[in-house]
Each structure stands twice: as structure tokens, then as C-alpha cells.
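Structural features, examined
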Amino acid sequence: MTVLVLGGTGEARRLAALVPVISSLAGRVSDPRLPDGDVRVGGFGGVDGLVTWLRDNDISAVVDATHPFARKITANAFEATSRLGLPFLILRRPGFVQEPGDDWRWVSSVAEAAASLPGERVFLTTGRQDISAFASCSQWFLARMVEPPASPLPQRIQVLLDRGPFTVDGELALLREHRIDVLVTKDSGGEMTSAKLVAARRLGVPVVIVRRPPLPDAPVVATVEEAVSWLGTAGA
């Protein structure tokens, strides 16, 4: 049985270390962390291209372990596997959990976040692909991402190129140094990205959080162990 894992996340890498799979990366980062085993990089050419690739490579099951906001590839994978009648699983880490002392402002999109910033000095951690949504904002931004963003950018912005995991102490120092009064992020979940939320809580900084997009009607698990078990029942 040949399994395709749509990856790019820590969960996808851990799954590839436990089960023989072909991992597919989108190729949006020039120096990605590669998983064990066979790896392909790049898009498939939409649903039709994915259907052809799955058929040509004798794929028996697909696990979508992409980022919780990778809406397009998730939708395409669901449609392609439905056409072929292939088992399809979504592996999604749990979202962030609000705790006492948190001041969270939930929004449904990055555009809504840009339109409702409750501060003047913004720590922006939504990623380089969404930064254009803030281009017309008058606030000052500290934008952290792995690779440089493309235009358009906010008029007042400092770009910080860095890759986690980050520590609470480091995030506290960053928020204080730049006098941040609002954090903007996505509900990506995972322990690696929670340090900034702890720092915001301790400093009383409000957090604007973008909700996750809805998932298709497919099986969903929250852990790598559950995904391994599912593959066992699927015949992997």
C-alpha cells in the first residue's frame, strides 16, 4: 500500500518517521525541513492534476497533514480522493485553548483582522502570504516570518526573519522591546507557537486570532498516533 502525506508540518514529519509514505511539500519555503522517506515538492495542478498523479503513482490512501489554514490543498485532496474512491484522512493538531487572563478577539479572516486592530503597535504573525491584507493599515507592524514577504506591505513595518520554536522568555523580551500593544495570529495550534500567547497573557496584550477555515466532510484525527492507527485499518 502506498500512502501520500500532504505535509509541511511537524505532524507530517513525525508521521513519515513512523510509517513508509511519500511526502508532498508545497515548495513555498526555499529551505524546508524534509521528512524521512520519499519526498516530492511542488503543486499538482489543481484537482485534475492531483487525480492524475494519484492514479499514476498507485496511491492507496492520502493523509492531509498540512497547515490548518491550507484550505485549497485540503479541498483539492478531498475532491480528488472522492473521485477515485481512495481513503482520505485529515490530521489536524488541536487549536489554541483560551486560559484565564487571555484577551482574545476572534475574527473570521485576515481581512477582518486588519479592519479591527485594537492597537497601534502590532506584532503580526500570520505569515508572509497574508501580509498584503494589512498594506493599507496605518499602524506600525513587527512582522515575523520565515522568508521575506512580497509587496504590497504596510507603510510602517519592520520584518523579522526567524523560525521557531520560540520561548516564552524570548517572546516577552520581543513584545517589551518593540512596545507591542496587540498581537495578530492564526489559530494554528501546537505547542511550538503558543509561547507568544503566554507572553501576551502575562503582559496584558490583546490578541486578534483568525479562526480556522471549515474542513470537508472527511475523517479527522488530532494526533500522529491516531493517524498511524487509521492507516492500519486502511490497510497500510
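Along each chain, residue indices are assigned from 1 in the same order as the chain's sequence is written. Local features in this predicted model are restricted to residues whose pLDDT is 70 or higher, and side-chain atom pairs enter the listing and the counts only when it is 80 or higher, whereas totals over whole chains, interfaces and linings include all residues. Side-chain metrics rest on all non-hydrogen atoms present in the structure, leaving aside hydrogens and water.

Moving on, we get to empty space enclosed by the protein. A pocket, in this scheme, is an open set of points on a 1 Å grid over the protein atoms alone with protein on both sides within 12 Å along at least 5 of 7 lines, while a cavity is a set where a 1.4 Å probe fits but cannot get out; residues line either one if an atom lies within 4 Å of a point. Grid points are joined across faces, edges and corners, and a volume is the space filled by probe spheres set on the points. For the structure shown, the criterion picks out two cavities of 30 Å³ or more. What the largest cavity holds in volume is close to 40 Å³. If you go around the largest cavity, the residues you meet are Val5, Gly7, Gly8, Ala12, Arg13, Ser23, Leu25, Arg33 and Pro35. Looking at the lining of the largest cavity, the elements with two or more residues in it are helix 1 (10–18) and strand 2 (22–25). Its residues assigned to classes, the lining of the largest cavity comprises four nonpolar, three polar and two charged. Approximately 30 Å³ is the volume attributed to the second largest cavity. Surrounding the second largest cavity, Thr9, Glu11, Ala65, Thr66, His67, Pro68, Leu91, Arg92 and Arg93 form its lining. In this classification, Asp, Glu, Lys and Arg are treated as charged, Ala, Val, Leu, Ile, Met, Phe, Trp, Tyr, Cys and Pro as nonpolar, and every other residue, Gly included, as polar. Partitioned by chemical class, the residues of the lining of the second largest cavity number three nonpolar, three polar and three charged. Strands are runs of DSSP state E lasting at least 2 residues, helices are runs of H or I lasting at least 4, and numbering of each runs from the N terminus.

Right, let's get into the sheet that holds strand 8 (residues 140–145). Whenever strands of a sheet pair, they do so through backbone hydrogen bonds, lying parallel or antiparallel. One open sheet holds the six strands; their spatial order is 6-11-10-7-8-9, and the pairing between them is parallel. Strands at the two margins of the open sheet, each flanked by one partner only, are strand 6 (104–107) and strand 9 (157–161). In this sheet, adjacent strand axes meet at a mean angle of 20° when their direction is disregarded. A pair of strands counts as paired when DSSP detects no fewer than two bridges linking them. Summarising the sheet, strand 8 and strand 9 pair through five bridges and their orientation is parallel. In this analysis an axis means a line fitted to C-alpha atoms, helices contributing only their contacting stretch, and an angle means the value between N-to-C directions, from 0 to 180 degrees.

This part covers the sheet that holds strand 2. Across the sheet, six strands lie side by side as 3-2-1-4-5-12; this open sheet has parallel pairing. This sheet does not close on itself; its edge strands, each paired only once, are strand 3 (38–41) and strand 12 (220–221). Those strands touched by helix 7 (residues 224–234) are strand 1 (3–6), strand 4 (61–64), strand 5 (88–91) and strand 12, and its axis lies near 170° from that of strand 5. In what follows, residue pairs with any heavy atoms lying within 4.5 Å of each other are defined as contacts.

Right, let's talk about the packing of helix 5 (residues 168–177) against helix 6 (residues 195–203) for a bit. For the pair helix 5 and helix 6, interaxial distance at closest approach is 8 Å and the crossing angle is 55°. By the angle class used here, helix 5 and helix 6 are oblique. Our pair here, helix 5 against helix 6, has a crossing hand that is right-handed. Contact residues: helix 5 offers Val168, Glu171, Leu172, Leu175 and Arg176, while helix 6 offers Ala195, Lys196, Val198, Ala199, Ala200, Arg202 and Leu203. Within the contact of helix 5 with helix 6, the residues separate by chemical class into eight nonpolar, no polar and four charged. An angle counts as roughly parallel when it lies under 35 degrees, as roughly antiparallel when it exceeds 145, as roughly perpendicular when it falls between 65 and 115, and as oblique in every other case. Here is the rule for handedness: rotate from the far helix to the near one, and if that takes an anticlockwise turn smaller than a right angle the crossing is left-handed, while a clockwise turn gives right-handed.

Turning our attention to the packing of aromatic side chains. Paired rings are identified among Phe, Tyr and Trp, the last through its six-membered ring, by centres lying within 6.5 Å, and are further divided according to the angle between planes into stacked (under 30 degrees), edge-to-face (over 60) and tilted (the rest). On inspection of all chains with the given rule, the structure shows four aromatic pairs. With centroids separated by 5.8 Å and ring planes inclined at 75°, the aromatic side chains of tryptophan 104 and tryptophan 106 adopt a geometry described as edge-to-face. Taking the relative accessible area as the measure of exposure, tryptophan 106 reaches 31% and is therefore partly exposed. The cationic tip of arginine 40 hangs over the ring face of phenylalanine 44; the distance from NZ or CZ to the ring centre is 3.9 Å. Note on criteria: charge over ring means Lys NZ or Arg CZ within 6 Å of the ring centre, with the direction from the centre no more than 35 degrees off the ring normal. Its guanidinium or amino end placed over the ring of phenylalanine 166, arginine 144 lies 3.6 Å from that ring's centre, counting from NZ or CZ. Categorising residues by exposure relies on relative accessible area from a 1.4 Å probe, with only protein chains included: less than 20% of the type maximum marks a residue as buried, more than 50% marks it as exposed, and the intermediate range marks it as partly exposed.

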